[in-house]
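# Coordinate analysis (summary)
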Amino acid sequence: MKASPKAGYFVLEGINSFACAFFFNHFLFHLRDHHGFTQLHSLGLLAGFGTLYAGTSVFAGRFAQRQGYFSSLTVGFSGLLLAVLMASLWTSLAGQLVSIAFWSMVVCFTWPALEALCSEHESPEQLPNRLGLYNVVWSLFQAVGVAGGGIAV
């Protein structure tokens, strides 16, 4: 059976999904254990960063369409690496919050580009299958990342 030329995009999606869930969930446990965050604090944090994420995702999707998917992935993956480095170096609560805010914005440059690459140029008959596979890949690897993020603390 011949591998799809898009198989690499699905692999990249799985790795991205796992890494993002692992980092973010580990981060929440870190805030609890090292900065005294309660469940209410975490809920407020998640609501704030969800709002930040939603606003940035509109811009990031447009960026991917205008500048190209690979430019968007370069911005997103470079930004994620920088965010993780910031979080590891800035250990104060303020530093941690700045790091995760930045992470919440730059991750938006990865998802639209990866989904577009996985589904681009598909026939109307094949498109639902590709989108379904994309959703299975991200959700499966995100679930593994969620479980691992708590274990690693």
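All of these numbers come straight from a predicted model, not from anything done at the bench. (Residues numbered from 1 in each chain as written. Predicted model: local features only at pLDDT ≥ 70, side-chain atom pairs only at ≥ 80, totals over all residues. Heavy atoms only, no water.)

## Focus on the overall build of the protein chain
Assigned secondary structure in the protein chain consists of six helices and zero strands. Computed over its C-alpha atoms, the radius of gyration of the protein chain comes to 17 Å, within 12% of the 15 Å expected for a compact globule of 153 residues. Here the protein chain, with 153 residues, has 36% of them falling under the buried criterion. The long-range share in the protein chain, meaning contacts at least 24 apart out of those at least 6 apart in sequence, stands at 76%. Surface exposure of the protein chain reaches about 8,600 Å², of which carbon and sulfur atoms provide 70%. Averaged over its 6 positive side-chain charges, the protein chain has a centre that lies 4 Å from the centre of its 6 negative ones. (Helix = DSSP H or I, 4+ residues; strand = E, 2+ residues; numbered from the N terminus. Rg over C-alpha atoms; globule rule 2.2 N^0.38 Å. Buried < 20%, exposed > 50% of the residue type's maximum accessible area, 1.4 Å probe, protein only. Contact = heavy atoms within 4.5 Å. Areas by Shrake-Rupley, 256 points an atom, 1.4 Å probe, with all protein chains shown as cover. Lys, Arg positive; Asp, Glu negative; His and termini not counted. Charge placed at Lys NZ, Arg CZ, Asp CG, Glu CD.)

## Comments concerning the layout of surface pockets
Its volume calculated, the largest pocket comes out at about 290 Å³. Surrounding the largest pocket, 14 residues form its lining, F24, Y53, W103, V107 and Q142 being those nearest its centre. Among the elements of the structure, α1 (7–35), α2 (39–67), α4 (93–106) and α6 (127–151) are those that each provide at least two residues to the lining of the largest pocket. Partitioning the lining of the largest pocket into residue classes produces ten nonpolar, four polar and no charged. (1 Å grid on protein atoms, 1.4 Å probe; cavity = no way out; pocket = protein on both sides within 12 Å on 5 of 7 lines; lining within 4 Å. Points joined across faces, edges and corners; volume = space filled by probe spheres on them. Nonpolar A, V, L, I, M, F, W, Y, C, P; charged D, E, K, R; others polar.)

## Details of the environment of L131
Counting through the fold element by element, L131 comes out in helix α6. With 13 residues separating them along the chain, L131 and C118 place their C-alpha atoms 7.7 Å apart.

## With respect to a nonpolar patch on the surface
Nonpolar side chains collect at one region of the surface, where F18, L140, F141 and V144 lie side by side and expose about 340 Å² of accessible area between them. With three residues, α6 is the single largest residue contributor to the nonpolar patch. Checked against the element boundaries, F141 lands in helix α6. (Patch = residues over 30% accessible without salt bridge, like charges linked within 9 Å, V, L, I, M, F, W, Y side chains within 5 Å. Salt bridge = Lys/Arg side-chain N within 4 Å of Asp/Glu carboxyl O.)

## Quick word on the side chain of T110
With respect to the helices and strands, the residue T110 is situated in the loop between α4 and α5 (111–119). A distance of 2.7 Å separates the side chain of T110 from the backbone oxygen of V107, its partner in a polar contact. Residues contacting T110, with those up to four places away along its chain left out, are N16, L73, G76, F77 and L80. (Polar contact = N/O pair within 3.5 Å; in protein donor to acceptor, adjacent residues only side chain to side chain.)

## Focus on the confidence of the model for the protein chain
Model confidence for the protein chain is summarised by a mean pLDDT of 90, while 95% of its residues fall at 70 or above. The secondary structure element of the protein chain with the lowest average pLDDT is α6, at 87, and the one with the highest is helix α3 (residues 69–89), at 95. (pLDDT = per-residue confidence, 0-100.)

## Some words on the side chain of S72
With respect to the element layout, S72 can be found in helix α3. Once residues lying within four places of it in the same chain are set aside, the contact partners of S72 are A60, F63, A64, F109 and A113.

## Re the packing of α1 against α2
Helix-helix packing is characterised by the crossing angle of the two axes and by the distance between the axes. Packing of α1 against α2 leaves a shortest axis separation of 10 Å and a crossing angle of 140 degrees. Judged on the interaxial angle alone, α2 and α1 are oblique. Our pair here, α1 against α2, has a crossing hand that is right-handed. Along its contact with α1, which presents F24, F27, L28 and L31, the element α2 presents S42, L45 and L46. (Axes fitted to C-alpha atoms, helices over the stretch in contact; angles between N-to-C directions. Parallel < 35°, antiparallel > 145°, perpendicular 65-115°, else oblique. Left-handed = near helix turned anticlockwise from the far one by under 90°.)

## A word on the environment of M86
For M86, the location among the structural elements is in helix α3. Ignoring anything within four residues of it in the chain, the contact list for M86 reads V98, S99 and F102.

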